[in-house]
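Single-letter residue listing:
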Amino acid sequence: MVYKFRVILDAEEDVFRDIAILDDDTLEDLHNAIFNAFGFDGMEVASFYTCDETWNQEEEISLFDTGDIVGDQKIMSDYKLSEILDKQNTKIIYVYDFINMWTFLVELAAVEEQVVGNTYPETIFSHGEMPDEAMEKNFEADMHDDIYGEFEDDIDEDDLDNMMDGDDSFEDFGFEENWN
């Protein structure tokens, strides 16, 4: 069977590619097809992320084994597309180049019979020009809310100023000076 994917760049302008690939090819094969379709050189690290129906990121599937014990972590080449994606699970996220964070929404659009004589993977449709830079991600605002949200209001501004000025007095916070 042939899987036909629409791969959409997370950008302000519409930029997407439609890719046809065999269902028994691996996620690594899809990775190669995506970076080729979008004109990248393939020299950067990338990962796929499983996700739910609303694109909420779940499990990471990396290009290389980054685990503490070599061989414990499954990587892109370990997963056939048909093991991860099917008519019920159609979405996956792809991130290329963790410095620039090129992020793509990858959706299985169709499952069709293989056409004899066609070479797969193949870019079957291309729309839009790649921007010079990836869309800037704003992690700071979300991270700040998640980490400090419930505690931020508990700190008195004067106490914070004293701590920043080098005042070593922690009695007001319930800590002993030599706690260890």
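Here goes a summary of the coordinates provided. The structure displayed is predicted, hence computed values, not measured ones.

Bringing unusual backbone geometry into the picture now. The amide bond that connects tyrosine 120 to the next residue, proline 121, takes the cis arrangement and shows omega of -5°. Within the secondary structure, proline 121 is located in the loop between β6 (102–112) and β7 (122–127). Located in the positive-phi region is aspartate 97, a residue other than glycine, with phi close to 70°. For aspartate 97, the position within the fold is in the loop between β5 (91–96) and β6. With a relative accessible area of 6%, aspartate 97 lands in the buried category.

Pairing is antiparallel across the open sheet formed by seven strands, whose spatial order is β4-β3-β5-β6-β1-β2-β7. Edge positions in the sheet fall to β4 (57–62) and β7, since each has one partner strand and no second. Strand-to-strand twist of the sheet, defined as the mean angle between neighbouring strand axes without regard to direction, takes the value 25°. Pairing of β5 with β6, which is carried by six bridges, proceeds in the antiparallel orientation. Residue pairing for β6: isoleucine 93 is matched across the bridge by leucine 105.

In this fold, aspartate 18 is placed in strand β2 (residues 16–22). Once residues lying within four places of it in the same chain are set aside, the contact partners of aspartate 18 are Phe5, Arg6, Glu122, Thr123, Ile124 and Phe125.

Here we take up the side chain of serine 47. Examined against the element boundaries, serine 47 turns out to sit in strand β3 (residues 46–51). For serine 47, a relative accessible area of 1% puts it in the buried group. Of note is the side chain of serine 47, whose polar atom sits 2.6 Å from the side chain of glutamate 60. Setting aside residues up to four positions removed in sequence, serine 47 forms contacts with Glu60, Ile61, Ser62, Met76, Ile93, Tyr94, Val95 and Phe98.

Before going further, it helps to examine the environment of phenylalanine 40. Inspection of the secondary structure assignment puts phenylalanine 40 in the loop between α1 (27–37) and β3. Phenylalanine 40 gets classed as buried once you look at its relative accessible area, which sits at 16%. Along the backbone, phenylalanine 40 and aspartate 97 are 57 residues apart, and their C-alpha atoms lie at a distance of 9.7 Å. Ignoring sequence-local partners within four residues, the contact set of phenylalanine 40 consists of Phe35, Tyr96, Trp102, Phe104 and Met130.

Scanning all chains against the criterion turns up three salt bridges. Two residues, arginine 6 and aspartate 18, come together in a salt bridge whose shortest N-O distance is 2.7 Å. Residue arginine 6 is located in strand β1 (residues 2–9), and its partner aspartate 18 is located in strand β2; the two are separated by twelve residues in the primary sequence. Here lysine 91 and glutamate 53 are joined by a salt bridge, their closest N and O atoms 4.0 Å apart.

Next up on the list: the nonpolar core. One finds Phe5, Leu27 and Phe104 to be the most contacted residues of the largest nonpolar core, which totals 32 residues. Within the residue set of this core, elements represented by two or more residues are β1, β2, α1, β3, α2 (81–84), β5 and β6. With six residues, the single largest contributor to this core is α1. In contact with phenylalanine 5, not counting residues within four places along its chain, are Arg17, Asp18, Ile19, Ile21, Leu30, Leu81, Leu85, Val106, Glu107, Leu108 and Ala109.

Rules and cut-offs
Residues numbered from 1 in each chain as written. Predicted model: local features only at pLDDT ≥ 70, side-chain atom pairs only at ≥ 80, totals over all residues. Heavy atoms only, no water. Helix = DSSP H or I, 4+ residues; strand = E, 2+ residues; numbered from the N terminus. Buried < 20%, exposed > 50% of the residue type's maximum accessible area, 1.4 Å probe, protein only. Pairing = 2+ DSSP bridges. Axes fitted to C-alpha atoms, helices over the stretch in contact; angles between N-to-C directions. Contact = heavy atoms within 4.5 Å. Polar contact = N/O pair within 3.5 Å; in protein donor to acceptor, adjacent residues only side chain to side chain. Salt bridge = Lys/Arg side-chain N within 4 Å of Asp/Glu carboxyl O. Core = buried A, V, L, I, M, F, W, Y, C linked by side-chain atoms within 4.5 Å.

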